[in-house]
Amino acid sequence: MRVDRFLSNLPRFNRKQVRLLLIAGQVRVDQVIVRDPLHEVREFSQVECAGEVLQAGRPARYFMLHKPMGCVSATQDPQHPTVLDLIDEPDRHELHIAGRLDYNTSGLMIITNDGQWSRRLTQPQTKLLKVYYVETEQVILANYADTFREGIYFAFENLTTQPAHLDILGDYSARLSIVEGRYHQVKRMFGHFQNKVLRLHRESMGPLQLDPQLAPGQYRALTAEEIQQI
Ligand code: URA
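A short tour of the structure in this document, coming up. (Residues numbered from 1 in each chain as written. Predicted model: local features only at pLDDT ≥ 70, side-chain atom pairs only at ≥ 80, totals over all residues. Heavy atoms only, no water.)

**Structural notes on the site of the ligand**
In the vicinity of the ligand, the residues found are Leu101, Asp102, Thr105, Tyr132, His184, Gln185, Val186, Lys187 and Leu200. A distance of 3.5 Å separates an oxygen atom of the ligand from a polar atom in the backbone of Gln185. Between the ligand and Lys187, the relevant distance is 3.1 Å, taken from an oxygen atom to a main-chain nitrogen or oxygen of the residue. Protein burial of the ligand: of its 240 Å² of free accessible surface, 96% is covered by the chains. Given that more than half its atoms are within 2 Å of the pocket grid, the ligand belongs to the largest pocket. (Near = heavy atom within 4 Å. Polar contact = N/O pair within 3.5 Å; in protein donor to acceptor, adjacent residues only side chain to side chain. Areas by Shrake-Rupley, 256 points an atom, 1.4 Å probe, with all protein chains shown as cover. 1 Å grid on protein atoms, 1.4 Å probe; cavity = no way out; pocket = protein on both sides within 12 Å on 5 of 7 lines; lining within 4 Å. Sits in = over half its atoms within 2 Å of the grid points.)

Right, here's the structure in full:
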């Protein structure tokens, strides 16, 4: 939210006072004096006015996890281990998953407390490629690639999938790149050809690649460079 809105939403300031406080250099966001009324205040920003802390701010947190098979993409589950059970952080109850994976899908999972950032990663409009390694029950035929490029109609959502790119690696294996994350999307795309997906592994989401040093179940914080790439 804009800093002038943030301040004038507080009962103690009217809009004129906010303007004067900004001009007088009385407002600091993350320790820096801010005079621009359009300056963005985030839930993670610390905001001070005339030396008084109005919002304490808290750290934004970003992790990549190598999701193992047999684990639920949820914050809580009564029966199965969840991906959040694998995260040993004091504030893990504040974290959410950016782009779920099915119970038996493995691979890159991003976990954060920054909703604005995670939306950029998952919204179909941003067209970030999600790359999956796939193994199937039946032979993958060359014509799959054309159909995936043209899009497949999903009756339940009444939509046609965005163009996807298929690299056939072998008779039963391929690498599929999609920009959306519809429910069971990859399995349903292969399901269009009555070809069951036996193994599914997410290798990357946009510029974020699963770190090969991470064994299934391990995680690490994202680097500043990785965070900025989204
Ligand atoms: N598509 C699927 O079908 N399952 C996943 O877990 C991810 C993408």
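**Examining the nonpolar core**
Counting 31 residues, the largest nonpolar core has Ile111, Phe148, Leu166, Leu176 and Phe190 as its most contacted members. Where this core is concerned, the elements lending two or more residues are strand E5 (62-67), strand E7 (106-112), strand E8 (130-136), helix H4 (143-150), strand E12 (173-178), helix H5 (185-191) and strand E13 (197-205). Those residues in contact with Phe190, other than ones at most four positions away along the chain, are Val134, Thr136, Ile140, Tyr144, Phe148, Leu166, Leu176, Asn195 and Val197. Ala98, Leu108, Leu121 and Met205 belong to the second-largest nonpolar core, a separate cluster that totals 14 residues. (Core = buried A, V, L, I, M, F, W, Y, C linked by side-chain atoms within 4.5 Å. Buried < 20%, exposed > 50% of the residue type's maximum accessible area, 1.4 Å probe, protein only. Helix = DSSP H or I, 4+ residues; strand = E, 2+ residues; numbered from the N terminus. Contact = heavy atoms within 4.5 Å.)

**Some points on the packing of aromatic side chains**
One pass over the structure, following the stated rule, counts seven aromatic pairs. A centroid spacing of 5.2 Å and a plane angle of 75 degrees characterise the contact between Phe148 and Phe190, whose relative ring orientation is edge-to-face. With Phe148 in helix H4 and Phe190 in helix H5, this residue pair connects regions lying 42 residues apart in the sequence. Phe190 carries the same exposure label as Phe148, and that label is buried. Within the aromatic cluster, the residues linked to one another by ring pairs are Tyr144, Phe148, Phe190 and Phe193. Arg188 extends its terminal NZ or CZ atom over the ring of Phe154, reaching a point 3.9 Å from the ring centre. (Phe/Tyr/Trp six-rings, centres within 6.5 Å; stacked < 30°, edge-to-face > 60°. Lys NZ or Arg CZ within 6 Å of the ring centre and 35° of its normal.)

**Looking at a positive patch on the surface**
A surface patch of positive charge is lined by Arg5, Arg15, Lys16 and Arg19. Sorting elements by how many residues they give to the positive patch places helix H2 (residues 15-23) first, with three residues. Along the chain, Lys16 falls in helix H2. Its relative accessible area of 54% is what places Lys16 among the exposed residues. (Patch = residues over 30% accessible without salt bridge, like charges linked within 9 Å, V, L, I, M, F, W, Y side chains within 5 Å. Salt bridge = Lys/Arg side-chain N within 4 Å of Asp/Glu carboxyl O. Lys, Arg positive; Asp, Glu negative; His and termini not counted. Charge placed at Lys NZ, Arg CZ, Asp CG, Glu CD.)

**So, a nonpolar patch on the surface**
A cluster of nonpolar side chains, Val139, Leu141 and Tyr172, forms an exposed patch at the surface whose accessible area comes to about 260 Å². Here Tyr172 shows up in the loop between strand E11 (165-170) and E12. Taking relative accessible area as the criterion, Tyr172 reaches 44% and is therefore assigned partly exposed.

**Digging into the pattern of salt bridges**
Using the criterion set out here, one finds 15 salt bridges in the structure. Residue Asp4 pairs with Arg2 through a salt bridge whose shortest N-O separation is 2.7 Å. Judged by its relative accessible area of 15%, Asp4 falls in the buried class. On the basis of relative accessibility, which here comes to 28%, the residue Arg2 falls in the partly exposed class. The closest approach of N and O atoms between Lys187 and Asp102, which form a salt bridge, is 2.8 Å.

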